[in-house]
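# Fold and geometry: a report
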Amino acid sequence: MAGPGRPLPSGASSKWDIREKVWEHLEASGLAEFPRPVRGRIPNFKGSLQACCSLRGLDVFGRAREVKVDPDKPLEGARLAALQARKTLLVPTPRLRTGLFNRIVPPPGATKEILRRCATSQGVKDYSVPVGLDGKAQVDLVVVGSVAVSEKGWRIGKGEGYADMEYAMMVSMGAVQEDTPVVTIVHDCQVLDIAEELLDDHDLTVDFILTPTRTIQTNCKRPKPQGIMWHKVSSEMLGKIPILKTLRSREKQAGKDVTLQDEHPALANTNRAAISNKKVMAANTQPWAAPGSAPVGQPHVESDPVNPKMEGSDTITTVYVGNLPGSLRVSELKSALRELQVTPVRLSWQGAQHRAFLDYRDPATADRAVSSLQGLSLGGNALRAELAKNQRSKRQGEITSHK
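The rules behind the values
Residues numbered from 1 in each chain as written. Predicted model: local features only at pLDDT ≥ 70, side-chain atom pairs only at ≥ 80, totals over all residues. Heavy atoms only, no water. Buried < 20%, exposed > 50% of the residue type's maximum accessible area, 1.4 Å probe, protein only. Helix = DSSP H or I, 4+ residues; strand = E, 2+ residues; numbered from the N terminus. Pairing = 2+ DSSP bridges. Axes fitted to C-alpha atoms, helices over the stretch in contact; angles between N-to-C directions. Contact = heavy atoms within 4.5 Å. pLDDT = per-residue confidence, 0-100. Expected span 1.5 Å × (residues − 1). Phe/Tyr/Trp six-rings, centres within 6.5 Å; stacked < 30°, edge-to-face > 60°. Lys NZ or Arg CZ within 6 Å of the ring centre and 35° of its normal.

Here the focus is the pairing of strand E1 (residues 66-69). Of the two faces of E1, the one carrying Glu-66 and Lys-68 and the one carrying Val-67 and Val-69 are both buried. The pairing of E1 with strand E2 (residues 88-92) spans three bridges and is classified as parallel. Paired with Glu-66 across the bridge in E2 is Thr-88. Pairing geometry for E1 and strand E5 (residues 141-144), over three bridges, is parallel. Within E5, the residue paired with Lys-68 across the bridge is Val-142.

Encoded structure:
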């Protein structure tokens, strides 16, 4: 595994490559802490409390009155530091299902032990009060978890995009400003070189990195998200996050363009087939994955598949993806497809058989999907990707007819 600030070994060509290498290294080196395994999570690590303690030494923390800290386990020490310093502590609601923030309110005269409990995930549930859109939150400091981060301030999360969405929503409701500092807390081995071309315009960058041994000021110049990018939000995501509906209504009344991804005229042709199968497509094409599905069974290599039928199949090219690991969630595959820029118009997830089928309207995109996914490591398994059986037969027939 590369040391702090060094490039990852060759082959780390995507965010998923980087995530997999970090998760694997933390587990293999004995650095991973509860909850385990760290794969698929913002990983907890040995020394996280020590890294969190460095927060107290930052001027931006000393000046802050309201601090937003994500609910991840490695940030427990940051939540405790905010409570001990008598700051207003805001914690996002899990997966944004019931709102944006909860304010943590310790009981009067809380002891050190009670404050420690308030900083835990259970304490966040027991001692929290919801903060609505009209709660006039003014966040002075944002603390987020990361899977990997570069000294330039470029951050990679676990792939579901909630930190990015939370920040965009805070911008939309006026809770943060352009100069509101963002801090991430990671192990030293999570500080890596990240190619700028891997970043999307909705990705959140950070201003400070705290590790068990270092405090890094990134002086990042890349702009942070300027609000919610509605053209990247799907109808399904809007349905899963109620507060988004309210924010969208407010922005629409203010005269902003709030056209959703699957309503956008530029995407109408490519998404029309997907909208007819909204349940699958909306989750598949959203820029931030919807809450993950249940994991499938134990991994194994699939035999040669036969592609399931689909309406208009004459114009569809189907890719088979096999050897999906037992721990993989459909949201992780969707995120990988988006980052590889090979998002299909339909995804058929057959978890019990450890496989998936991806439907494409453009044969060239299907070919790119095969070459990008073949051998890609997800969950410790090298994926198998190829054109589905009837697609290969169809193409062979086309070649024969042209001879």
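After that view of the structure, there is still more to cover.
To continue, consider the sheet that holds E5. Reading across from one edge, E4-E3-E2-E1-E5-E8-E9-E10 is the order of the eight strands in this open sheet, with mixed pairing throughout. Sheet topology places strand E4 (128-131) and strand E10 (215-217) at the edges, where each strand pairs with a single neighbour. Across the sheet, the mean angle separating the axes of adjacent strands is 25° when strand polarity is ignored. Two elements, strand E8 (residues 182-185) and strand E9 (residues 208-210), share three bridges in a ladder whose sense is parallel. Paired with Thr-184 across the two strands is Ile-209, which belongs to E9.

Right, let's talk about the environment of Thr-88 for a bit. Within the secondary structure, Thr-88 sits in strand E2. As a C-alpha pair, Thr-88 and Ile-104 span 16 residues in sequence and 7.5 Å in three-dimensional space. Setting aside residues no more than four positions away along its own chain, Thr-88 makes contact with Arg-65, Glu-66, Val-67 and Arg-103.

This part is about the sheet that holds strand E12 (residues 346-350). Read across the sheet, four strands follow the order E12-E13-E11-E16 without closing on themselves; strand pairing throughout is antiparallel. Each having just a single partner strand, E12 and strand E16 (384-387) make up the two edges of the open sheet. Within the sheet, the average angular offset between the axes of one strand and its neighbour, ignoring direction, is 20°. Direction of pairing for strand E11 (residues 317-322) relative to strand E13 (residues 355-360): antiparallel, over a ladder of six bridges. If you follow Thr-317 over to E13, its bridge partner there is Tyr-360. Running over the sheet, helix H12 (residues 330-339) touches E12 and E13 and is turned about 145° from E12. Sheet strands in contact with helix H13 (residues 363-373) are E11, E13 and E16, and its direction is about 10° off that of E11.

Moving on, we come to the confidence of the model for the protein. In the predicted model, the protein carries a mean pLDDT of 81, and the fraction of residues at 70 or more is 80%. When the criterion is pLDDT under 50, residues 267-313 qualifies, and its contacts beyond four places in sequence or with other chains add up to 133 contacts. With pLDDT under 50 throughout, residues 398-403 is counted as low confidence; its partners more than four residues away or in other chains account for zero contacts.

Attention now moves to helix H9 (residues 242-253). Compared with the 16 Å implied by 1.5 Å per residue over 12 residues, the 18 Å span of H9 between its first and last C-alpha is a close match. Two residues or fewer after H9 comes Gly-255, characterised by a positive phi angle close to 90°.

Across all of its chains, the model carries two aromatic pairs by this definition. On the numbers, 5.9 Å between centres and 50° between planes, the contact of Tyr-320 with Phe-357 is tilted. Of the two residues, Tyr-320 sits in strand E11 while Phe-357 sits in strand E13, which places them 37 residues apart along the sequence. A single burial state applies to Tyr-320 and to Phe-357, both of which are buried. Over the face of the ring belonging to Trp-16 we find Arg-19, whose NZ or CZ atom lies 4.7 Å from the ring centre.

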